[in-house]
Amino acid sequence: MVAIAIVAATAFSYALGWLIDIPVLIPFLNTAASYPFMVLALKRGHVRLAIARMLLWALTMGVCATLLSSSRPSATATLFLNAEAYRVEMFRWVMTGSGAESTPAIFIPQQILHTIVFSVLALATGGVLAMPMGAMLMNYMGHYVGTLAASSRQPALTMLLAWHPWAVIRVVSFVTLGVVLSAPLISRVGRLSIDLRPARPLVLAACAGLVADIVLKALVAPAWQRLLLRVVGW
């Protein structure tokens, strides 16, 4: 039942955001759909369950943002923060192979900065500001994927491939770190005793995932770009 509630609430957050039409509020509406369920699991000491719930949330956001952007690209271009700038950047990469996605000297500092900011926000705010940051990243990535699919001769395959494997690894790693790093403040505010020792292997796995993300991206991105270009048919 909780899983259904998370999916339904997350989908509703997009519908509500569409009606309100205030882009800066969308990531916070997305977060409100799942954050209480994460906190409830942490309060009961179920760190792995909290991570699983937030992974379901991230998956639902990815699906919603992608489908919305595929069907209404002009609307999501303004509804999702940074969406159009990211789309332009990624479309240029798909067409030419040049850009940050294939340039480690550019994307490695960017990803390190994102990781530091996200981690600090998770620790300092109990995830209250880190999760909206994650939602914003998911939404503008979804805009790129959805709009690329909309212009492709093979939309369904494009949707799958444009969620690059290194990006998926990064999302899973961010979600894991976000939950674990949010727990200490939630524990203090709620006067709880959350045992994070079982989560240490998960933190190590998330850190390894962030490294794998960079390595895989550096090695595979050029070939992936060529594959996408063939599938899209430009």
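Residues numbered from 1 in each chain as written. Predicted model: local features only at pLDDT ≥ 70, side-chain atom pairs only at ≥ 80, totals over all residues. Heavy atoms only, no water.

Concerning the nonpolar core
For soluble globular proteins, nonpolar side chains are generally found buried alongside one another. Counting 60 residues, the largest nonpolar core has M38, L42, Y144, L148, V179 and L228 as the members making the most contacts within it. Per element, the largest residue contribution to this core is 11 residues, and it comes from helix α8 (residues 130-150). In contact with V179, not counting residues within four places along its chain, are M38, L42, V47, A50, I51, M54 and M131. (Core = buried A, V, L, I, M, F, W, Y, C linked by side-chain atoms within 4.5 Å. Buried < 20%, exposed > 50% of the residue type's maximum accessible area, 1.4 Å probe, protein only. Helix = DSSP H or I, 4+ residues; strand = E, 2+ residues; numbered from the N terminus. Contact = heavy atoms within 4.5 Å.)

Observations concerning the packing of aromatic side chains
As enumerated under the stated definition, the model contains six aromatic pairs in all. Relative to W234, the ring of F91 has its centre 5.2 Å away and its plane inclined at 55°; by these criteria the two rings are tilted. Taken together, the positions of F91 in helix α6 (residues 83-96) and W234 in the segment after α11 (200-232) put the pair 143 residues apart, joining distant regions of the chain. Here F91 falls in the buried class, since its relative accessible area comes to 11%. (Phe/Tyr/Trp six-rings, centres within 6.5 Å; stacked < 30°, edge-to-face > 60°.)

Quick word on the layout of surface pockets
Put simply, the largest pocket is a space of about 530 Å³. Taken together, 31 residues make up the lining of the largest pocket; nearest its centre are H114, L137, Y140, M141 and R170. Those elements that provide at least two residues to the lining of the largest pocket are α4 (47-71), α6, α7 (104-125), α8 and α10 (165-189). Ranked by residues supplied to the lining of the largest pocket, first place goes to α8 with eight residues. In the lining of the largest pocket, the residues fall into 20 nonpolar, seven polar and four charged. (1 Å grid on protein atoms, 1.4 Å probe; cavity = no way out; pocket = protein on both sides within 12 Å on 5 of 7 lines; lining within 4 Å. Points joined across faces, edges and corners; volume = space filled by probe spheres on them. Nonpolar A, V, L, I, M, F, W, Y, C, P; charged D, E, K, R; others polar.)

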